[in-house]
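Coordinate analysis (summary)
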Amino acid sequence: MHMEARKYVWEGAIPLQIHLHESEVTTLPPPPPALILAPRIGYLPLLVGLIKPYFGSSLPPGVDTIWFEYKGLPLKWYIPTGVLFDLLCAEPERPWNLTVHFRGYPVHVLIPCEGEDSVKWSFINSLKEAAYIINGNCKNVMNMSQSDQVELWRSVMNGNLEAYLRVSSKLKLVTVEDDYTVKLNSSSKSQQGTGETDFAGQVKTGRIPVRLYVWSVSEDFDDLEDAPDIDCWDKISFINRPVEVHTEEGKCFTLRDAIKTLLPEYFTDKPLFSDESPKLEDEEMNLSSEDAGSNKNTEVEEILFEHVTRNAEIKLVRIQGIEPKLEIPFSWVVNNLMNPDYFLYMCICVRVPEVNTV
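Residues numbered from 1 in each chain as written. Predicted model: local features only at pLDDT ≥ 70, side-chain atom pairs only at ≥ 80, totals over all residues. Heavy atoms only, no water.

Our next topic: the pattern of salt bridges. Applying the stated criterion to the full structure yields 16 salt bridges. Across the salt bridge formed by Asp220 and Lys315, the nearest N and O atoms sit 2.9 Å from each other. Taken together, the residues span a long stretch of sequence, with Asp220 in the loop between strand S7 (210-217) and strand S8 (236-240) and Lys315 in strand S10 (residues 313-318) at a distance of 95 residues. Here Arg318 ties to Glu323 by a salt bridge, and the two come within 2.8 Å at their closest N and O atoms. Among the residues examined, Glu323 registers a relative accessible area of 44% and is labelled partly exposed. (Salt bridge = Lys/Arg side-chain N within 4 Å of Asp/Glu carboxyl O. Helix = DSSP H or I, 4+ residues; strand = E, 2+ residues; numbered from the N terminus. Buried < 20%, exposed > 50% of the residue type's maximum accessible area, 1.4 Å probe, protein only.)

If you want it as structure tokens, here you go:
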């Protein structure tokens, strides 16, 4: 594992400019926005200890139910801050202007959050899920001692990579061997190893926990600043599915390969109209009028879907604030850019052209 890259991920932070919502301001003049550096691997509710003292004297009476929004969109608190930023800011906004609320929790959009405990258990459950994907069980996570669990969580909260590695190594969650780094290292060493550094005839497999956020746009754009805003979560497709890595000698499983397994419909190489495909007119001759109409609609829908996906274009792939080339070895991406919960979070923008069905 290339520790320098991992260190950059853990030290990554997003400058936030947090405004108190105007409906909750009870003082004149209103308080200025709070400026905070938020860790990429952290979670927004963990910033409450910094934000509440800053805005506390301006709040109306009542019970705190803290939540954040961006351009009117309530932010899901269990998604890492860096992932939210990558997803919602196609053109990175610095500082990122967020609004904080202490009242009126949107229960119709967000699941309840009871502060740090909710975030902690969401993280632990995510870690269990990743362990099950990787090893087929989550025994090592379930059997963590209380002290190790506390140390692991504190390492994430404090951005302490050394402490995190010390505890997480006990979980034995090896995702996939980084062939790229192994080959570089083996080529720089002379006459070392038992011959297993030669990959001849070897087939390597692995299951990688991946969480993919895809937002689709119908209009094309050349500059990211022209990308349309995401104003509701319904515009986001969430894919929580492991990537099966299966590499053979002389072949490198790339980021493109991984995305292709998750979004195969956008990588179709099939021609839109095949000579072997029956024509709609020919099918109708062998059907009753009712069946023919029904079958024709189905055929048309399939053709339209194939037309849309065939002409779809991936506009953006972003991981940990990076827009990597799709030819990069996926093993390197996983081992260096995964989050502390052992999930690799990817944000992808896809342009899907509209089709007139009239």
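Confidence along the protein chain averages 84 in pLDDT terms, with 78% of residues attaining 70 or more. This stretch, residues 270-292, has a pLDDT under 50; its non-local contacts, to residues over four places away or in other chains, come to 18 contacts. pLDDT under 50 marks residues 300-305. Its contacts with residues more than four places away, or in other chains, come to six contacts. (pLDDT = per-residue confidence, 0-100. Contact = heavy atoms within 4.5 Å.)

Taken together, Glu91, Asp222, Asp223, Glu225 and Asp226 make up a surface patch of like negative charges. Mapping Glu91 onto the fold places it in the loop between helix H3 (81-88) and strand S5 (96-101). On the basis of relative accessibility, which here comes to 40%, the residue Glu91 falls in the partly exposed class. (Patch = residues over 30% accessible without salt bridge, like charges linked within 9 Å, V, L, I, M, F, W, Y side chains within 5 Å. Areas by Shrake-Rupley, 256 points an atom, 1.4 Å probe, with all protein chains shown as cover. Lys, Arg positive; Asp, Glu negative; His and termini not counted. Charge placed at Lys NZ, Arg CZ, Asp CG, Glu CD.)

Before going further, it helps to examine empty space enclosed by the protein. In the structure shown here, the tally under the stated rule is two cavities of 30 Å³ or more. What lines the largest cavity is Arg40, Gly82, Val83, Asp86, Arg318, Ile319, Gln320, Asn339, Tyr345 and Cys347. When residues of the lining of the largest cavity are traced back to their parent elements, those giving at least two are H3 and strand S11 (344-351). The element best represented in the lining of the largest cavity is H3, accounting for three residues. Tallied by class, residues from the lining of the largest cavity come to four nonpolar, three polar and three charged. Estimates place the volume of the second largest cavity at around 40 Å³. Forming the walls of the second largest cavity are Tyr70, Lys71, Leu88, Asp229 and Ile230. The class makeup of the residues in the lining of the second largest cavity is three nonpolar, no polar and two charged. (1 Å grid on protein atoms, 1.4 Å probe; cavity = no way out; pocket = protein on both sides within 12 Å on 5 of 7 lines; lining within 4 Å. Points joined across faces, edges and corners; volume = space filled by probe spheres on them. Nonpolar A, V, L, I, M, F, W, Y, C, P; charged D, E, K, R; others polar.)

Another point: the packing of aromatic side chains. This structure, assessed with the given rule, holds nine aromatic pairs. Among the aromatic residues, those joined into a cluster by ring pairs are Tyr70, Phe85 and Trp96. Residue placement shows Arg211 over the ring face of Phe343; its charged tip is 3.7 Å from the ring centre. If you follow Lys315 out to its NZ or CZ, it ends over the ring of Phe221, 5.1 Å from the centre. (Phe/Tyr/Trp six-rings, centres within 6.5 Å; stacked < 30°, edge-to-face > 60°. Lys NZ or Arg CZ within 6 Å of the ring centre and 35° of its normal.)

Here we take up the sheet that holds strand S2 (residues 34-39). Ordered in space as S2-S1-S5-S3-S4, the five strands form an open sheet in which the pairing is mixed. Both edges of this open sheet fall to S2 and strand S4 (73-74), since each of them pairs with a single strand only. For strand S3 (residues 67-70) and S5, the ladder comprises three bridges, and the chain directions are antiparallel. Bridging from a neighbouring strand, Trp67 pairs with His101 of S5. (Pairing = 2+ DSSP bridges.)

This paragraph deals with the environment of Phe55. On the secondary structure map, Phe55 appears in helix H2 (residues 48-55). C-alpha separation for the pair Phe55 and Pro31, spaced 24 residues apart in sequence, amounts to 7.0 Å. In contact with Phe55, other than residues within four places in its own chain, are Ile18, His19, Leu20, Pro31, Pro32, Ala34, Val100 and Phe102.

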